[in-house]
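# Results of the structural survey
Single-letter residue listing:
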Amino acid sequence: MKKKNCIFFGDSITDANHLFSRNPLGEGYLSALCELSHAAEIPFFFSNQGHDGHTLERLLDVFKRSWNHGESLYGPWDLVAIQIGINDVCVCQNTGLSLAQQKSYLIHFQHNLFSLLQEIRKDFSGILFVLEPFLFPYPSEFQSWMNLREQFSLIMQEISQDFHCIFLPLQSLLVGSCSLSRFSLLSTDGIHLTKTGNQLLASFLWEELCRIWDLKL
């Protein structure tokens, strides 16, 4: 099988300290995903383009600058993945925005996502993943964030369809996979993943990659 080249853009969940780690993939789900491909002896190359603190707007800005300089997507990529959104939920929910300002933020987010996927699809017709922002209801204050998280998720799901992306429903796959008493096994703070959480996310991604390319698990 020819090596599959996959590039992942995202926030701290993808970043996983990769710029300060001996492992260029960091200490998160991409490292675990690479281990799964090695164990299966299936050739994959993964590139980590995650950056701590990224909102969609910041990701779009970085992407456009990279694109204009001939970087990132001019490689021979077979798959592009976008993991983003939870920092936008945080900004929208936790910075004192009024309901009108939150509505405006959601509209801006919608426009930015459309612009990002449109930019990608200009020169890339391959497999495009959009990873849903997930949030554990732990600590309990995050219960009040769930409605906004759902609104961001719906926007991402709808626009993903417009650009023939594969939308990965991580809220149900991760948060819905365990009981309240087990959330601490998967997340350190309700947003970031533990080693076990990263391994679980990697297993979901690996199953999807194997399904897409008809690989044996």
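Our subject is the structure listed above.
Heads up: these notes are all about the structure in this document. Each chain carries its own residue numbering, running from 1 in the direction its sequence is written. Only residues with pLDDT of at least 70 are given local features in this predicted model, and only at 80 or more are side-chain atom pairs given and counted; all residues enter the totals for whole chains, interfaces and linings. Note: side-chain values were computed over all heavy atoms of the structure, leaving out hydrogens and water.

### Examining the pairing of strand S4 (residues 127-131)
- In terms of burial, S4 is a largely internal element, five of the five residues being buried.
- The cut-offs for exposure are 20% and 50% of the maximum accessible area for each residue type, with area from a 1.4 Å probe on protein chains only; residues under the lower value are buried, those over the upper are exposed, and the others partly exposed. The helix count covers DSSP runs of H or I at least four residues long, the strand count covers runs of E at least two residues long, and both are numbered beginning at the N terminus. With burial as the criterion, each face of S4 is covered, one bearing Ile127, Phe129 and Leu131 and the other bearing Leu128 and Val130.
- Here the rule is simple: two strands pair whenever DSSP picks up at least two bridges between them. In this structure, strand S3 (residues 79-83) lies alongside S4, joined through five bridges in parallel fashion. Its bridge partner being in S4, Leu79 is matched across the sheet by Ile127.
- Sheet topology places S4 next to strand S5 (residues 166-168); three bridges connect them, and they run parallel. Across the sheet, the residue bridging to Leu131 is Leu168, located in S5.
- A right-handed crossover is one whose linking path, passing over the helix from the first strand to the second, runs clockwise when the strands point away from the viewer. Crossover connection from S4 via helix H6 (residues 146-162) to parallel S5: handedness right-handed.

### Things to note about the layout of surface pockets
- Taken as a whole, the largest pocket encloses approximately 190 Å³ of empty space.
- Along its surface, the largest pocket is lined by 13 residues, and Gly28, Ala32, Glu35, Lys195 and Gln199 are the ones closest to its centre.
- For the lining of the largest pocket, the elements supplying multiple residues, two or more each, are helix H2 (29-39) and helix H9 (195-212).
- A per-element tally of the lining of the largest pocket places H9 first, with five residues.
- Gly is put with the polar residues, along with every residue not named as nonpolar or charged; the nonpolar set is Ala, Val, Leu, Ile, Met, Phe, Trp, Tyr, Cys and Pro, and the charged set is Asp, Glu, Lys and Arg. For the lining of the largest pocket, the per-class residue count stands at three nonpolar, seven polar and three charged. Both site types are read off a 1 Å grid over the protein atoms alone. A 1.4 Å probe that fits but cannot get out defines a cavity, while an open set with protein on both sides within 12 Å along at least five of seven lines defines a pocket; lining residues have an atom within 4 Å of a point. Grid points are joined across faces, edges and corners, and a volume is the space filled by probe spheres set on the points.

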